[in-house]
Amino acid sequence: MLKKAIFFLTIFFLLAPSIALAGNDLIKFQGDFNLVEPVTGDAMLFGNIIDVQEDVSGDLIAAARDSISITAPIGQDLRAVAGTSITVNSAVDDNMTVAAPNIIVGKLGQVHGNFYGFGSTLEINGEIDGNLYYRGESVSITGRVGGNVDLGRISKLTLGTDALVAGNLKYSSDSKLKISNDNVGGEIIYEKSKDKKA
């Protein structure tokens, strides 16, 4: 199921009508690629391993067979899909939409818009200013989410002692998970998972 989702997200990113390439934009198809020079427009990067070490002033669209690492600011949206992991340790000035088995927003990661994710495990050690929407199995939040968190069906949720969800926290599971009200500013909304019919 994850492979199908990654395939369809990749097609969506490639055909996204909102991106018009201009003279300052960068498109790269390469095995392993390190972005070491600033991009003053949008960047579209496709390869095996992608490492973004310099600023992208516009949108960043990236698809990697293996992993994506971002340690430099993204001026607008981040849209990325990877076969193993996506790690963000920098600012994303708008929305972040990602799909990968393992997704990490590191301690230096700041998403100034909403976060949309699909995968297996998610770690939020940094900050999400907007809402967080995620579909996966396991979620760990040690940082801050400024809006609501909607997790769908999950099997494990960990909130660190300093974690903060300013809005509501909504999730579905086979049984209620132990969640401290001290970490959630709004309501904790639990829905029992519906049994799948054979």
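Use the structure listed above.
Residues numbered from 1 in each chain as written. Predicted model: local features only at pLDDT ≥ 70, side-chain atom pairs only at ≥ 80, totals over all residues. Heavy atoms only, no water.

Draft legend 1. Up close: the packing of aromatic side chains. Throughout the structure, instances matching the rule amount to 3 aromatic pairs. Taking 5.3 Å as the distance between ring centres and 5 degrees as the angle between the ring planes, the aromatic pair formed by Y116 and Y133 counts as stacked. On the criterion of sequence distance, the pair formed by Y116 in strand β10 (residues 115-124) and Y133 in strand β12 (residues 132-135) is long-range, its members being 17 residues apart. Arranged with centres 5.3 Å apart and planes meeting at 45 degrees, the rings of Y171 and Y190 form a pair that is tilted. Taken together, the positions of Y171 in strand β18 (residues 169-173) and Y190 in strand β19 (residues 188-192) put the pair 19 residues apart, joining distant regions of the chain. Residue classification places Y171 among the buried residues on the basis of a relative accessible area of 2%. (Phe/Tyr/Trp six-rings, centres within 6.5 Å; stacked < 30°, edge-to-face > 60°. Helix = DSSP H or I, 4+ residues; strand = E, 2+ residues; numbered from the N terminus. Buried < 20%, exposed > 50% of the residue type's maximum accessible area, 1.4 Å probe, protein only.)

Draft legend 2. Seen up close, the sheet that holds strand β11 (residues 127-128). With parallel pairing, 5 strands are arranged side by side in an open sheet as β7-β9-β11-β14-β17. Taken across any chain shown, the strands that pair with only one partner, and hence form the sheet edges, are β7 (91-92) and β17 (164-165). Sheet topology note: the β11/strand β14 (residues 144-145) ladder contains 2 bridges and is parallel. Directly across from I128, in β14, lies its bridge partner V145. (Pairing = 2+ DSSP bridges.)

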